[in-house]
Amino acid sequence: GRAGKALFEAQRVGRGKVITHGGYYASPAAVRDGLTNGEFFLLFQPVIHLSTGATAGAEALVRWQHPTRGLVPPAEFIPLCEASGSMQVLGRWVVRESIEAAADWARRDRSDGQQLSISINASARELASAGYGDYVLDECATVGFPPSLVRIEVTETDFGTDAAAVRDNIRVLRDAGVLISMDDFGTGHSSLSRLTEIDLDVIKIDRSFVGAIDDTTDSPVADLTIKMAAALGLDVIAEGVETKAQARWLLDRGCPYVQGYLYSRPVPSDEFVARFVEEALTSRS
Ligand code: C2E
Ligand code: MG
Ligand code: MG
Ligand code: MG
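Fair warning: this is a prediction, and the values are worked out from it, not measured in the lab.

Colleague: Help me understand the overall build of the protein chain in this model?
Modeller: Looking only at helices and strands, one finds 13 helices and 9 strands in the protein chain. A buried classification covers 48% of the 285 residues belonging to the protein chain. The contacts of the protein chain with a sequence gap of at least 6 include a subset with a gap of at least 24, amounting to 68%.

Printed below as a string of C-alpha cells:
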C-alpha cells in the first residue's frame, strides 16, 4: 500500500537525511514544525484492574493531525519518524506530555487512594538514544511525579537489540523504580530463557491473541502467557479486550489487568479525567 511504499523510501534514504519521496512529511524539520504548530496530541486509554473494574492507570498514544493529510495513525508515522531521525524529538515530547498529564491526575487526589500509573511507548531508537532514561527521570523530577508510577513499553521485537545503550537506559530507569513492559507479547521470538534474563516487570499480551477469544474459541497463547507471567513474577495486561466474553475468559484465568474498547477507546486527557479520575472521586459519595 501507500504507507508501505513511503516507509520503504524513508528507510532507503536513511537516518537524518532529507526524505524526498513518500515519507517527506515525517522529516525532522516537518516533525519539529508539527510540534511547534500543535499538530501532535496524546490520547489516553485506561488500564483496568479486571476483578474490581478499578482504573489502574493509562497508556499514552500519540496522534498527528496533519494539515494536509488529516489524522495520521501512529502505525504509519512512527516508522517514518524512526527512519528519518525525527523519532527522538517526537519521543521526548511524548514523554514530557505524558508525565505532565499523569502529574495533573495525581494532583486530583482520588478518594479511593489509587495512584494512577502512566505507560509510555518507546521505540527502538528512542530507547537506544543516549540519555533517554535520564530524560524520563528529569521530567518526573520537574513535575514531582514518582518514577515508580511510570511504565515504559517496549515492543517484544525491540528487546532483541542487544545494544549497550538500550541496556544502559533500562538500567537507569529500573534503578529509579520505573517499570519496563514488554509490548505485543507473542508476536516476537522471546525464548523462555531470554525472558528470565532481561530486566522486565510487565508483559502485555498482544491483542491478536485476545481478539481470537469468543464463547467457543480459546487462546492457548494468552492462557500460557498468563501462567508464565505468574510463574516468573511478572505482571500481565491483556490488550484489545472488546467483548464481555473475552473479559470473562481472562478473569477465569486470573489475568489481573486489561485494556480495550470494551472499557474505553483512547480518549483526550480531559475526558480521561472526567470518566476515570473524577469518576472515582464521586463513586463513593
Ligand atoms: P500499542 O502500544 O500496542 O498500542 C495499542 C494499540 O491498540 C493502540 O493503537 C490502541 O488504540 C489499540 N487498541 C486498544 N484497544 C483496542 C481494542 O480493543 N481493539 C482494537 N482493535 N485496538 C485497540 P494506536 O493508538 O493506533 O497505536 C498503534 C501503535 O503505535 C502502538 O501499539 C505503539 O506501538 C505505537 N505508538 C503509539 N503511540 C506511540 C508513542 O507515543 N511512541 C511510540 N514510540 N510508539 C507509539
Ligand atoms: Mg503500548
Ligand atoms: Mg507499542
Ligand atoms: Mg501492544
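Colleague: Mind showing me how you'd approach the nonpolar core here?
Modeller: A general tendency of soluble globular proteins is for nonpolar side chains to be buried together. One finds W105, I152 and L250 to be the most contacted residues of the largest nonpolar core, which totals 76 residues. Residue contributions to this core peak at 10 residues, all from helix α4 (residues 87-107). Counting residues in each nonpolar core, the second largest holds 5 residues, with A56, V202, I237 and Y257 among its members.

Colleague: I tried to follow the packing of helix α2 (residues 28-36) against α4 on my own but got confused; where do I start?
Modeller: A pair of packed helices is captured by two measures, namely the crossing angle of their axes and the spacing between those axes. Between α2 and α4, the shortest axis-to-axis distance is 9 Å and the interhelical angle comes to 25°. Put simply, α2 runs roughly parallel to α4. Along the contact surface, α2 presents V31, R32 and L35, while α4 presents V89, L90 and W93. A per-class count over the contact of α2 with α4 returns 5 nonpolar, no polar and 1 charged.

Colleague: Just checking my understanding: could you explain the site of ligand 1 for this structure?
Modeller: Around ligand 1 lies a shell of 24 residues, among which R63, N121, D183, E242 and Y261 are the nearest. At a separation of 3.1 Å, an oxygen atom of ligand 1 approaches a polar side-chain atom of E59. Between ligand 1 and the protein, one listed contact pairs an oxygen atom with a backbone N or O atom of Y261 at 2.8 Å. The fraction of the free accessible surface of ligand 1 (800 Å²) that becomes covered by protein chains is 85%. Structurally, ligand 1 is housed in the largest pocket. The set of elements that each furnish at least two residues to the shell around ligand 1 consists of β2 (55-66), α3 (74-84), α4 and β6 (179-185). The leading source of residues in the shell around ligand 1 is β2, at 4 residues.

Colleague: I tried to follow the coordination of the magnesium ion (ligand 2) on my own but got confused; where do I start?
Modeller: For a metal with four tetrahedral donors the ideal donor-metal-donor angle is 109.5 degrees, whereas six octahedral donors ideally subtend 90 or 180 degrees. Within the first shell, the magnesium ion (ligand 2) binds the protein through E59 (OE), N121 (OD1), E153 (OE) and D183 (OD), at distances of 2.0 to 2.3 Å. Taken in chain order, the donor set of the magnesium ion (ligand 2) reads E-x61-N-x31-E-x29-D. Here the magnesium ion (ligand 2) and the magnesium ion (ligand 3) are spaced 3.4 Å apart, with D183 acting as a shared donor. Taken together, the residues span a long stretch of sequence, with E153 in strand β5 (residues 150-155) and D183 in strand β6 at a distance of 30 residues. On the accessibility criterion, E153 (1% relative accessible area) is buried.

Colleague: Got a minute to help me understand the layout of surface pockets in this structure?
Modeller: Using a probe with the size of a water molecule, rolled over the atoms, empty space left in the structure can be pinpointed. By volume, the largest pocket amounts to about 1200 Å³. Elements with a contribution of two residues or more to the lining of the largest pocket: α1 (2-13), β2, α3, α4, α5 (124-128), β5, α7 (156-159) and β6. The element that contributes the greatest number of residues to the lining of the largest pocket is α3, accounting for 6 residues. In the lining of the largest pocket, the residues fall into 17 nonpolar, 10 polar and 13 charged.

Colleague: Looking at this model, I keep getting lost on the side chain of D158. Mind explaining?
Modeller: As for its position among the elements, D158 is in helix α7. No salt bridge is formed by the buried D158; its nearest oppositely charged neighbour, R125, is found at 9.8 Å. For D158, the residues in contact, after removing those within four places along its chain, are S123 and A124.

Colleague: I'm lost on α2 in this one. Help?
Modeller: Residues lying three or four places apart along an α-helix face the same way, a consequence of the helix completing one turn every 3.6 residues. Regarding α2, the residues found buried are P28, V31, G34 and L35. Here the buried residues of α2 occupy an arc of 125° about the axis, which is enough to place them on one side. As for α2, its buried residues are in contact with β1 (40-49), β2, α3 and α4. Count one or two residues on from α2 and you reach G38, which has phi positive near 70°.

Colleague: Looking at this model, I keep getting lost on helix α8 (residues 164-175). Mind explaining?
Modeller: When the terminal C-alpha atoms of α8 are compared, their 16 Å separation across 12 residues agrees well with the 16 Å that a helix rising 1.5 Å per residue should span. Of the residues making up α8, those classed as buried are V166, N169, I170 and L173. The arc enclosing the buried residues of α8, seen along the axis, measures out at 100°, which places them on a common side. Downstream of α8 by a residue or two, G177 has a phi angle that is positive, lying close to 100°.

Colleague: Sorry, what's going on with unusual backbone geometry here?
Modeller: Trans peptide bonds make up most of the peptide bonds, and negative phi angles are found at most residues other than glycine. With a phi angle near 55°, D184 is a residue other than glycine that sits in the positive phi range. Relative to the helices and strands, D184 is located in strand β6.

So, how was this worked out
- Residues numbered from 1 in each chain as written.
- Chains lettered and ligands numbered in written order.
- Predicted model: local features only at pLDDT ≥ 70, side-chain atom pairs only at ≥ 80, totals over all residues.
- Heavy atoms only, no water.
- Helix = DSSP H or I, 4+ residues; strand = E, 2+ residues; numbered from the N terminus.
- Buried < 20%, exposed > 50% of the residue type's maximum accessible area, 1.4 Å probe, protein only.
- Contact = heavy atoms within 4.5 Å.
- Core = buried A, V, L, I, M, F, W, Y, C linked by side-chain atoms within 4.5 Å.
- Axes fitted to C-alpha atoms, helices over the stretch in contact; angles between N-to-C directions.
- Parallel < 35°, antiparallel > 145°, perpendicular 65-115°, else oblique.
- Nonpolar A, V, L, I, M, F, W, Y, C, P; charged D, E, K, R; others polar.
- Near = heavy atom within 4 Å.
- Polar contact = N/O pair within 3.5 Å; in protein donor to acceptor, adjacent residues only side chain to side chain.
- Areas by Shrake-Rupley, 256 points an atom, 1.4 Å probe, with all protein chains shown as cover.
- 1 Å grid on protein atoms, 1.4 Å probe; cavity = no way out; pocket = protein on both sides within 12 Å on 5 of 7 lines; lining within 4 Å.
- Sits in = over half its atoms within 2 Å of the grid points.
- Donors = N, O, S within 2.8 Å, 3.2 Å for Na, K, Ca; no water.
- Points joined across faces, edges and corners; volume = space filled by probe spheres on them.
- Lys, Arg positive; Asp, Glu negative; His and termini not counted.
- Salt bridge = Lys/Arg side-chain N within 4 Å of Asp/Glu carboxyl O.
- Arc of directions from axis to C-beta.
- Expected span 1.5 Å × (residues − 1).

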